[in-house]
Amino acid sequence: MGTNQRVSFFSFSFFLPILLAILSSVPSTVSGNGFSIREATVRDLQLAFKYNRLTSRQLVEFYLEQIHRLNPIFHGISEVNPDALDLADKADQERRTKAPESLSRLHGIPIVLKDNIATKDKMNSTAGSFALLGSVVPRDAGVVARLRKAGAIILGKASMTEWSFFRSTTAPIGWSPRSGQGKNAYTLGNPCGSSSGSAISVATNMAALSLGVETDDSIICPSSRNSVVGIKPTVGLTSRSGVVAVSPRQDTVGPICRTVSDAAYVLEAIVGVDIHDHATIKASKYIPKGGYAQFLRIDGLRGKRLGVVRDFENLLHLNPGGVSASIETFHQNLNTLRQRGAILVDNLKLDNITELYFTDYGELVALRAEFKLSLNAYLKELIASPVRSLADVIEFNKNNPVLEKIEYGQDTMLQAQATNGIGKAEKAARQNLKRLTKNGFVKLMKKNKLDALVTPVDISSRILAIGGFPGISVPAGYTKDGPFGICFGGLKGSEPKLIEIAYGFEQATKIRKPPPLQNFKL
Ligand SMILES: *[C@@H]1O[C@H](CO)[C@@H](O)[C@H](O)[C@H]1NC(C)=O
Ligand SMILES: *[C@@H]1O[C@H](CO)[C@@H](O)[C@H](O)[C@H]1NC(C)=O
């Protein structure tokens, strides 16, 4: 490996136009010929640090330049951290003075956070809404405290569907008053949401890594649609404290990254007990000794029992992430899984699937009441805030109409405001969700001794959401409508197996291609 003969690579103002011109042909590896930050993985970046080919400052400068150029088109970033360069200098300093073994894998690597994840710094945490602009949070969110401890650089906040799609059923997906319309990294169309900006920013290389938050579909869908990897962890595995909440029963914070290994490293950094989120205590039993990186096994598919429910293929049109022409590719993906040693347990039936997909099965009834309770709790805890309750937010919205989006009302918020705690209807709804989970997914998994259920795009997300189960979306193909993923879902705490499966699939297929930015007018 050569020395620093290509150090001039990092004079970005000179190189960036060339870089953008040859976007699709630049390899993402460290080599004797130089080093490309674009598409670089955590492993690539750490190697580049180690061989003095890269500093965190250069890395942050690269992403700031990318954001400057690309964000006006994609709207994936809502704010940049004014301290990012200082944090980079600090990381570079630490790398010079500390023992390499004492630094974590994420040390010196920039990450963006969905805008509903609170940071106690110069940045705003607003869930996309002007109502929270200027609010002062009591402390970093639990996951942010862990990222800082791991030495990651908080580069900025990612845009999102305002209030995690809990303002209005007519809200444009990926749109918020603060950030405008987030655009799909491949098509400039629907990016899916609500963690739209997280997926857009890593897909377009405006950040190395990102965090999203999911209540139902909000990590899996944008990951699928933007050809990146999303891990929706078991509920409670990652702390939700300091997250503008929808439902403690379903909310979960997880990584959205370009590769399974990057996502696994981020997951490893953010899991663990947080006294501000009691669910983390019980879920901590799922954290494997030695972390998640050990499950990045090239033979991860061998012997894994994967369930296939063919009924899902007829339901794709029901989900926002559904892509019409993806079924043929999904069938090819299944063949790949089989060839790599997985055992496909095919033609399974999921009990009550019709009830789940064609009736009002209770999820929204429960979520509306839970949203009111948990949003009010979040707002009450703020040190200062223009709004202190859901009622205040509704009033704020009335007084601040979104002029360019006439249709954008607040029906969901009004329905939530009309709830009154967890009453009879909500209890019945929760019971129903429990029953559907027990009779459906849990029975299917246990009876067939499955390691994971494998489904196209994001179609199984509601099943994973209502039961608090983990899932991973991995890039699986492209159609003229854009990219789509394949989803592996498992029982609580099955992240190690899901990572083995997802990594095995990713390494066998290497489907992700960077977006064709040269096709867009920059
Ligand atoms: C946070 O919002 C305030 C407006 O209240 C703005 O002045 C400031 O620049 C924002 N912070 C960042 C990092 O963008
Ligand atoms: C749910 O599935 C169970 C088991 O197959 C069945 O007995 C029951 O009738 C189903 N309920 C509904 C509402 O479809």
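Residues numbered from 1 in each chain as written. Chains lettered and ligands numbered in written order. Predicted model: local features only at pLDDT ≥ 70, side-chain atom pairs only at ≥ 80, totals over all residues. Heavy atoms only, no water.

### Here's the deal with the overall build of the chain
And then number 1: Helix and strand content of the chain: 17 helices and 15 strands.
And then number 2: On C-alpha atoms alone, the chain measures out to a radius of gyration of 22 Å, which is about the 24 Å that the 2.2 N^0.38 rule sets for 522 residues.
And then number 3: Per-residue burial over the chain gives 62% buried out of 522 residues.
And then number 4: For the chain, the proportion of contacts with a sequence separation of at least 24, taken over those separated by at least 6, is 77%.
And then number 5: Looking at the chain as shown, the accessible area adds up to about 19,700 Å², and 54% of this sits on carbon and sulfur atoms.
And then number 6: Both charge centroids of the chain, one from 63 positive and one from 46 negative side chains, sit 4 Å from each other. (Helix = DSSP H or I, 4+ residues; strand = E, 2+ residues; numbered from the N terminus. Rg over C-alpha atoms; globule rule 2.2 N^0.38 Å. Buried < 20%, exposed > 50% of the residue type's maximum accessible area, 1.4 Å probe, protein only. Contact = heavy atoms within 4.5 Å. Areas by Shrake-Rupley, 256 points an atom, 1.4 Å probe, with all protein chains shown as cover. Lys, Arg positive; Asp, Glu negative; His and termini not counted. Charge placed at Lys NZ, Arg CZ, Asp CG, Glu CD.)

### Comments concerning helix α5 (residues 142–149)
And then number 1: Inspection of α5 places G142, V143, V144 and L147 among the buried residues, and these make up the whole buried set.
And then number 2: For α5, the elements touching its buried residues are β4 (110–114), β5 (153–158), β8 (209–214), β10 (252–257) and α8 (260–270).
And then number 3: Phi turns positive one or two residues past the end of α5, at G151, with a value near 90 degrees.

### Remarks on the confidence of the model for the chain
And then number 1: Summary statistics for the chain give a mean pLDDT of 92 and a share of 91% for residues scoring 70 or more.
And then number 2: The secondary structure element of the chain with the lowest average pLDDT is helix α1 (residues 12–21), at 36, and the one with the highest is β4, at 99.
And then number 3: Within the model, pLDDT remains below 50 along residues 1–33, and this stretch shows 60 contacts once partners closer than five positions in the same chain are excluded. (pLDDT = per-residue confidence, 0-100.)

### Here we look at unusual backbone geometry
Phi is mostly negative for residues that are not glycine, and the peptide bonds are mostly trans.
And then number 1: Between G193 and S194 the backbone carries a cis peptide bond, its omega angle lying at 5 degrees.
And then number 2: Within the secondary structure layout, S194 lies in the loop between β7 (180–181) and α6 (196–203).
And then number 3: With a phi close to 70 degrees, E39 is a non-glycine residue in the positive phi region.
And then number 4: Following the sequence through the fold, E39 ends up in the loop between β2 (34–35) and α2 (42–50).

### Concerning the site of ligand 1
And then number 1: Around ligand 1, the neighbouring residues are E79, V80, P82, K122, N124 and L133.
And then number 2: In the model, an oxygen atom of ligand 1 is placed 3.4 Å from a nitrogen or oxygen of the E79 side chain.
And then number 3: Between an oxygen atom of ligand 1 and a side-chain N or O atom of N124, the distance comes to 2.3 Å.
And then number 4: A class-by-class count of the residues in the shell around ligand 1 yields 3 nonpolar, 1 polar and 2 charged. (Near = heavy atom within 4 Å. Polar contact = N/O pair within 3.5 Å; in protein donor to acceptor, adjacent residues only side chain to side chain. Nonpolar A, V, L, I, M, F, W, Y, C, P; charged D, E, K, R; others polar.)

### Comments concerning the site of ligand 2
And then number 1: Around ligand 2, the structure places D351, N352 and E355.
And then number 2: Within the contact set of ligand 2, an oxygen atom lies 3.3 Å away from a side-chain nitrogen or oxygen of D351.
And then number 3: Note that an oxygen atom of ligand 2 is positioned 2.7 Å from one of the side-chain N or O atoms of N352.
And then number 4: Here ligand 2 has 360 Å² of accessible area as a free molecule, and 37% of this is covered by the chains.

### Digging into the state of the cysteines
Where two cysteines share a covalent bond between their sulfur atoms, that bond is called a disulfide.
And then number 1: One pass over the full model with this rule turns up 1 disulfide.
And then number 2: Each sulfur of the disulfide joining C192 and C221 lies 1.9 Å from the other. Taking the sign of the S-S torsion, about 95 degrees here, the bridge from C192 to C221 comes out right-handed. Here C221 lies in helix α7 (residues 220–225) and C192 lies in the loop between β7 and α6, a separation of 29 residues in the sequence.
And then number 3: Take C192: its relative accessible area is 2%, and that puts it in the buried class.
And then number 4: Using a relative accessible area of 0% as the deciding quantity, one classes C221 as buried.
And then number 5: No disulfide involves C257; its sulfur sits 16 Å from that of C487, the nearest cysteine. (Disulfide = S-S within 2.5 Å.)

### Remarks on the packing of helix α12 (residues 363–381) against helix α15 (residues 424–447)
And then number 1: The N-to-C vectors of α12 and α15 enclose an angle of 130 degrees; their axes lie 8 Å apart at closest approach. Judged on the interaxial angle alone, α15 and α12 are oblique. Where α12 crosses over α15, the handedness of that crossing is left-handed. Only A425, E426, A429, R430 and L433 of α15 make contact with α12, whose side of the interface consists of E363, V365, A366, A369 and E370. (Axes fitted to C-alpha atoms, helices over the stretch in contact; angles between N-to-C directions. Parallel < 35°, antiparallel > 145°, perpendicular 65-115°, else oblique. Left-handed = near helix turned anticlockwise from the far one by under 90°.)

### As for the side chain of D115
And then number 1: Inspection of the secondary structure puts D115 in the loop between β4 and α5.
And then number 2: Take D115: its relative accessible area is 1%, and that puts it in the buried class.
And then number 3: In terms of polar contacts, D115 uses its side chain to reach the backbone amide nitrogen of G128, at 2.9 Å.
And then number 4: Filtering out sequence-adjacent residues up to four positions away, D115 remains in contact with S78, N124, S125, T126, A127, G128, K157, A158, M160 and R178.

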